[in-house]
Amino acid sequence: MHLLFTFLKRNICLTLLLAFPLSLRDNIIYIKRAGSLHKHELAEAMEVEQEGLVEHQPLEQDDLNFEKWKPKPKPKRTLHEKIDDLKTYLWNAETKEFMGRSGKSWSLILLFYSALYIFLAAMFAGCMCCLMWSISPYAPTYNDRVMPPGMTMFPHVDVAHGFDIAFNASDRSSWRKYAKALEAHLKPYDDGVQDRRNINCEGNTYSMQDDLEESAERKACQFKRSWLGECSGMKDKDFGYSKGKPCILVKMNRILGYLPGQGTPVNVTCGVKKGSTEGLGEVQFFPENIFNLRYYPYYGKLRHVNYSSPLVAVRFPSVQYDTQLHVQCKLNGKGIINDSPTDRFLGSVSFTLEVGA
């Protein structure tokens, strides 16, 4: 009986396993094999098996309909609806909000930014006050101006292309711009202006005024236009250009507290830089070819209010016509550098001169 019962039991189990789907049969096998496994491990094994079954299930026809997965287009809004939304954004009567924020929120934001910008403005004002308190308006703490001085000339009507002077004596339109530039530069040197503003100085020594208070105004020595003789523009309004005998003005750049020449006047010389020297001919200087020491030192525009830089007028009365000349004027004196390879305006100035009949 026992053997018969065992045989029937096996046949019935076999029949049931064959009748069920494969997945269920596998589950029964797993259950039998997992009799000795922990319940947690058994649950993980069942979950993996179910995921495998899902992956192997064929897609239904409805899953292949991709149209249903596309986002539905938003309905077009009319202009009236947009205006209503804008009005609601600006002022929502239901929530009592202006531009999406309540009155309390706006108050906190305005308070925060007001305090922030007031603090920044106060800090900036404090820094500026400390800076202005620590520096002197009359003399710079650090002087980065070149020592010795540079040199410049007038007229210069087109600095972008260098100091070029080219004209025909018989053509007024070719040299009128040079005469106008010289006239404009010499206006502050008129004799009447110098008599009213500055004092008459004599001698050839430095005009030291360091014993005055820092803020006290320094007296400036007169430099009158009439001293420039043929290049003053008083006798000849054309400054010699209409006669083919042009004039130029040269001066040293202003440097605060600088004493040029170390007690000896700095002189000026002009000559041909390139080519033959015969084409330039005679060179005349007015009032003389030196910078008098009585105009130095310079105390700055706040203290030397009416200061007029001394000038040296250079006249070329016998220049060769229709010849381009490269002319260079130099400063010469103790402590003067006039041959710098990197700065062509340090102690000298170069220009081209071409005079036509």
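Parameters and conventions
Residues numbered from 1 in each chain as written. Predicted model: local features only at pLDDT ≥ 70, side-chain atom pairs only at ≥ 80, totals over all residues. Heavy atoms only, no water. Helix = DSSP H or I, 4+ residues; strand = E, 2+ residues; numbered from the N terminus. Contact = heavy atoms within 4.5 Å. Areas by Shrake-Rupley, 256 points an atom, 1.4 Å probe, with all protein chains shown as cover. Disulfide = S-S within 2.5 Å. Patch = residues over 30% accessible without salt bridge, like charges linked within 9 Å, V, L, I, M, F, W, Y side chains within 5 Å. Salt bridge = Lys/Arg side-chain N within 4 Å of Asp/Glu carboxyl O. Buried < 20%, exposed > 50% of the residue type's maximum accessible area, 1.4 Å probe, protein only. Core = buried A, V, L, I, M, F, W, Y, C linked by side-chain atoms within 4.5 Å. Phe/Tyr/Trp six-rings, centres within 6.5 Å; stacked < 30°, edge-to-face > 60°. Lys NZ or Arg CZ within 6 Å of the ring centre and 35° of its normal. Pairing = 2+ DSSP bridges. UniProt positions renumbered as here; feature names shortened; annotations may be inferred.

Can you explain the overall build of the protein? Please cite residues and give values.
Scanning the protein from terminus to terminus reveals 7 helices and 9 strands. Of all intrachain contacts in the protein linking residues separated by at least 6 positions in sequence, the fraction that spans at least 24 positions is 74%. Accessible surface, the protein as shown: approximately 24,000 Å² in total, 59% of it carbon and sulfur.

Please set out the state of the cysteines residue by residue, giving values where relevant.
Scanning all chains against the criterion turns up 3 disulfides. Disulfide partner of Cys-201: Cys-221, at an S-S distance of 2.1 Å. Here the S-S torsion is close to -85 degrees, and the disulfide linking Cys-201 with Cys-221 is therefore left-handed. Taken as a pair, Cys-201 in the loop between helix H7 (191–197) and strand E3 (247–252) and Cys-221 in the loop between H7 and E3 lie far apart in primary sequence, 20 residues in all.

Go over a nonpolar patch on the surface, please, and point to the residues and values.
Residues Phe-112, Tyr-113, Leu-116, Tyr-117, Phe-119, Leu-120 and Met-123 make up a contiguous nonpolar surface patch of about 740 Å² in total accessible area. Mapped onto the fold, Phe-119 is located in helix H5 (residues 103–134). Since its relative accessible area comes to 54%, Phe-119 is described here as exposed.

Mind laying out the nonpolar core, listing which residues take part and the relevant values?
Formed by 53 residues in total, the largest nonpolar core has its most connected members in Ile-165, Tyr-241, Ile-248, Val-250, Phe-316, Phe-351 and Leu-353. Secondary-structure elements contributing two or more residues to this core are strand E1 (151–154), strand E2 (164–168), helix H6 (172–186), E3, strand E4 (266–274), strand E7 (312–315), strand E8 (325–332) and strand E9 (348–356). The residues touching Phe-351, leaving out its near neighbours within four places in the chain, are Met-153, Phe-163, Ile-165, Ile-248, Phe-316, Leu-325, His-326, Val-327 and Cys-329.

How would you summarise the packing of aromatic side chains if you had to cite specific residues and measurements?
All told, the structure shown has 12 aromatic pairs when counted by the stated rule. Ring geometry for Phe-163 and Phe-345: centres 5.6 Å apart, planes at 90 degrees, overall edge-to-face. With a gap of 182 residues between them, Phe-163 in the loop between E1 and E2 and Phe-345 in the loop between E8 and E9 connect regions that are remote in the sequence. We classify Phe-345 as partly exposed; its relative accessible area is 27%. One aromatic cluster is present, formed by Tyr-189, Phe-223, Trp-227 and Tyr-295 through successive ring pairs. For Arg-218, the ring lying beneath its charged end belongs to Tyr-299, and the centroid distance is 5.1 Å.

Tell me about the pairing of E3, residues and numbers included.
Burial analysis of E3 places 6 of its 6 residues in the buried class, which makes it a mostly covered element. Neither face of E3 is left uncovered, since the one carrying Cys-247, Leu-249 and Lys-251 and the one carrying Ile-248, Val-250 and Met-252 both have all their residues buried. Sheet analysis places E1 next to E3, joined by 4 bridges and oriented antiparallel. The partner of Met-153 across the bridge, within E3, is Val-250. Where E3 lies against E7, 4 bridges are found, and the strand directions are antiparallel. For Leu-249, the partnering residue across the bridge sits in E7 and is Ala-313.

An account of unusual backbone geometry is needed here, citing residue identities and associated values.
The omega torsion of the bond from Phe-154 to Pro-155 falls at 5 degrees, within 30 degrees of zero and hence cis. In this structure, Pro-155 sits in the loop between E1 and E2. Following Phe-286, the chain continues to Pro-287 via a peptide bond in cis, the omega torsion being -10 degrees. Along the chain, the position of Pro-287 falls in the loop between strand E5 (284–286) and strand E6 (290–291). For Met-99, which is not a glycine, the phi torsion comes out positive at approximately 55 degrees. By relative accessible area, which is 32% here, Met-99 ends up partly exposed.

Any details on the pattern of salt bridges? Residues and values, ideally.
Under the criterion given, the structure shown has 6 salt bridges. Residues Glu-183 and Arg-225 are paired through a salt bridge, measuring 2.5 Å at the closest nitrogen-oxygen approach. One end of the pair, Glu-183, is in helix H6; the other, Arg-225, is in the loop between H7 and E3, and 42 residues separate them in sequence. Among the residues examined, Glu-183 registers a relative accessible area of 22% and is labelled partly exposed.

Before we move on, can you summarise the sheet that holds E8 with the specific residues and values?
Read across the open sheet, the 5 strands follow the order E2-E9-E8-E4-E6; overall the sheet is mixed. Unpaired on one side and paired on the other, E2 and E6 mark the two borders of the sheet.

Can you explain the UniProt feature "transmembrane region" (unreviewed entry) in the protein? Please cite residues and give values.
This chain's UniProt record puts "transmembrane region" (unreviewed entry) on residues 108–135. When the span residues 108–135 is considered, its composition is 96% helix and 0% strand, and the gap between its end C-alpha atoms is 41 Å.

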